[in-house]
Amino acid sequence: MFELDKDNFESEVLQADGPVLVDFYGNGCVPCEALKPHILRLEETYGDRIRFTGLNTSTARRLAISQKILGLPVIAIYEGGQKVKELIKEEATPQAVEDMLKAYCGL
Amino acid sequence: MEKIYDLIIIGAGPAGLAAGLYAGRSRLDTLLIEKGVDGGQIAITAEIENYPGGLSGPGTVESGAELIARMTAQCAQFGVERLSAQVTRVALDGPVKEVHTHEGLFRAKAVLIATGAHPRPIGCPGEKELMGRGVSYCATCDGSFFEGLEVYVIGGGDTAVEEAIYLTRFARKVTIVHRRDELRAVQSIQERAFANSKIDFLWNSVVTELHGDDGVLSAMTVKDTKTGQERRIEADEEDGMFGVFVFIGFLPNYELFAESVQMDNHYILTDDAMRTNLPGVYAAGDIRKKPLRQVVTACSDGAIAAMQVEHDLASGAIG
């Protein structure tokens, strides 16, 4: 998983050529920590179709808010500079993320 | 022949982890299933002041996550098998219980239901749409987004007031919105809140609607419970947004068992050995009908349940 920061979000996500998954997490967010290994596992299956990235919002608060992220965790898919899908907080279960990826990849 | 466990525990909160510890020590062949985070509600609690033996005091208040990490490690020491999966369906009649999950079907002679509870939502318009966009039920997850901003905490119990105190680390001002004219939290927590200059109170008030501006929480309607009058509270113009953190109690996670186990108002009924109406099916923790839902009572339930499972298996009552 590629680690984003506030300086490269624009180029790596918003200007990216293909679709990008962003795992928005934060320091002290226990549900985020629990979700992370599942996202890494899903990257093994779907990583060749969607680029997997993560952003620690604790060091990029303004950027997160600009993306309308005010609650964690959020797993979002960006395409063409837009957030096209997202699962927020309780919605972001491992199963729901996999279902979102499957639907997005047309599997 | 498929494997049959002695015991499957559903939920790795304090009740499930304590049961796992006791079952493991008794050498019961045990599987502990958790869909999300070990500890559940308590894992996202900023401070635990009232668990006996937990460290507490100025500068040494333990978080829920720290306490649970020790419980998880202790449970693992005794060889309890773990599974990270969501249970989708159970079949609890008969001597062999079936637990269906996203990771497959598991069988056991006994099942302990320790699924706990989840935060009760306000249930007002706008709440669902603005969840994660200003509305939160987890201060440790989302508090830092509101650094320097205003935050409203809904509720007046222990959790609400403790989390309000925690949120003053980030927020410019924290207003506790409570439907009565006095807090329900225990006295020592109240004293800390009243002494905190960042905390303000909005008494006799309930939130009736949450309003978003461009998808972010920016206003709310509150109703005075005495006069019935409603008014709209807008975000500070410069901020353009504020946070609402909801701590108005919990609802039991009962749905999987609604058809099989006896309940009262969605809480599972047990005897004092944690047995439900079904042989081989036990319940522990917040999911039970009981007078006090705390970490310490959840652990107690879990220990009693595990020992009862051992006893019932040994005596031939189940299995």
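Not measured: the values here are computed from a predicted model.

Undergrad: Got a minute to help me understand helix α4 (residues 158–167) of chain B in this structure?
TA: For an α-helix, 3.6 residues make a turn, and residues three or four places apart therefore share a direction. Residue and element names in this part refer to chain B. α4 sits mainly inside the fold: 8 of its 10 residues count as buried. All of the buried residues along α4 are Ala160, Val161, Glu162, Glu163, Ala164, Ile165, Tyr166 and Leu167. Packing partners of the buried residues in α4 comprise α3 (139–142), β9 (150–154), β10 (173–177), α5 (187–195), β11 (199–202) and β15 (243–246).

Undergrad: What is the right way to read the nonpolar core from this model?
TA: Most often, soluble globular proteins keep nonpolar side chains buried together rather than apart. Counting 55 residues, the largest nonpolar core has Phe9(A), Val22(A), Phe24(A), Val153(B) and Leu167(B) as its most contacted members. In terms of residue count, the dominant contributor to this core is α4(B) (6 residues). If we skip the residues at most four places from it in the chain, Phe24(A) touches Phe9(A), Cys32(A), Leu55(A), Thr57(A), Ile69(A), Leu72(A), Pro73(A), Val74(A), Ala76(A) and Tyr78(A).

Undergrad: Any chance you could explain the state of the cysteines here in plain terms?
TA: All names here are of chain B. A complete count under the given rule lists 2 disulfides over all chains for this structure. Disulfide partner of Cys138: Cys141, at an S-S distance of 2.2 Å. In this structure the cystine formed by Cys138 and Cys141 twists about its S-S bond by roughly 70°; its chirality is therefore right-handed. Owing to a relative accessible area of 5%, Cys138 belongs among the buried residues under this scheme. Assessed through its relative accessible area of 3%, Cys141 is described here as buried. For Cys75, which is in no disulfide, the shortest distance to another cysteine sulfur is to Cys299 and amounts to 11 Å.

Undergrad: Would you mind showing me how to read the packing of α4(B) against α5(B) here?
TA: In a packed pair of helices, the relevant descriptors are the angle between the two axes and the axis-to-axis distance. Residue and element names in this part refer to chain B. At a minimum axis separation of 10 Å, α4 and α5 run at an interaxial angle of 35°. The hand of the α4/α5 crossing is left-handed. Residues Asp158, Val161, Glu162 and Ile165 of α4 pack against Ile189, Arg192 and Ala193 of α5. Here the residues of the contact of α4 with α5 sort into 4 nonpolar, no polar and 3 charged.

Undergrad: Help me out: how do you make sense of the sheet that holds strand β12 (residues 205–213) of chain B in this one?
TA: Sheets are built from strands that pair by backbone hydrogen bonding, the pairs being arranged parallel or antiparallel. Residue and element names in this part refer to chain B. Reading across from one edge, β12-β13-β14 is the order of the 3 strands in this open sheet, with antiparallel pairing throughout. Both outer strands of the open sheet, β12 and β14 (230–234), are each paired with one neighbouring strand and no more. Between one strand axis and the next, the sheet turns through 25° on average, direction left out of account. For β12 and strand β13 (residues 216–224), the ladder comprises 8 bridges, and the chain directions are antiparallel. Bridging from a neighbouring strand, Glu209 pairs with Thr221 of β13.

Undergrad: What should I look at first to understand the interface of chain A and chain B in this one?
TA: By a widespread convention, an interface's size corresponds to the accessible area lost as its parts come together. In this assembly, 22 residues from chain A lie in contact with 24 residues from chain B. When chain A packs against chain B, the two sides together hide about 2000 Å² of surface, and 62% of this comes from carbon and sulfur. The largest share of the area that chain A buries against chain B comes from Arg61(A), Lys68(A) and Leu70(A), three residues that together contribute 34% of it. Where Asp142(B) meets Lys89(A), a salt bridge forms, and the shortest distance between an N and an O atom there is 2.3 Å.

Undergrad: I'm lost on the side chain of Lys89(A) in this one. Help?
TA: Note on placement: Lys89(A) falls in the loop between β5 (82–88) and α4 (94–105). Reaching out from Lys89(A), the side chain makes a polar contact with the side chain of Asp142(B) at a distance of 2.3 Å. What Lys89(A) contacts, discounting residues up to four positions off in sequence, is Gly71(A), Leu72(A), Pro73(A), Met131(B), Gly132(B), Ser136(B), Cys138(B), Cys141(B) and Asp142(B).

What counts as what
- Residues numbered from 1 in each chain as written.
- Chains lettered and ligands numbered in written order.
- Predicted model: local features only at pLDDT ≥ 70, side-chain atom pairs only at ≥ 80, totals over all residues.
- Heavy atoms only, no water.
- Buried < 20%, exposed > 50% of the residue type's maximum accessible area, 1.4 Å probe, protein only.
- Helix = DSSP H or I, 4+ residues; strand = E, 2+ residues; numbered from the N terminus.
- Contact = heavy atoms within 4.5 Å.
- Core = buried A, V, L, I, M, F, W, Y, C linked by side-chain atoms within 4.5 Å.
- Disulfide = S-S within 2.5 Å.
- Axes fitted to C-alpha atoms, helices over the stretch in contact; angles between N-to-C directions.
- Left-handed = near helix turned anticlockwise from the far one by under 90°.
- Nonpolar A, V, L, I, M, F, W, Y, C, P; charged D, E, K, R; others polar.
- Pairing = 2+ DSSP bridges.
- Buried area = accessible area lost by both parts, 1.4 Å probe.
- Salt bridge = Lys/Arg side-chain N within 4 Å of Asp/Glu carboxyl O.
- Polar contact = N/O pair within 3.5 Å; in protein donor to acceptor, adjacent residues only side chain to side chain.

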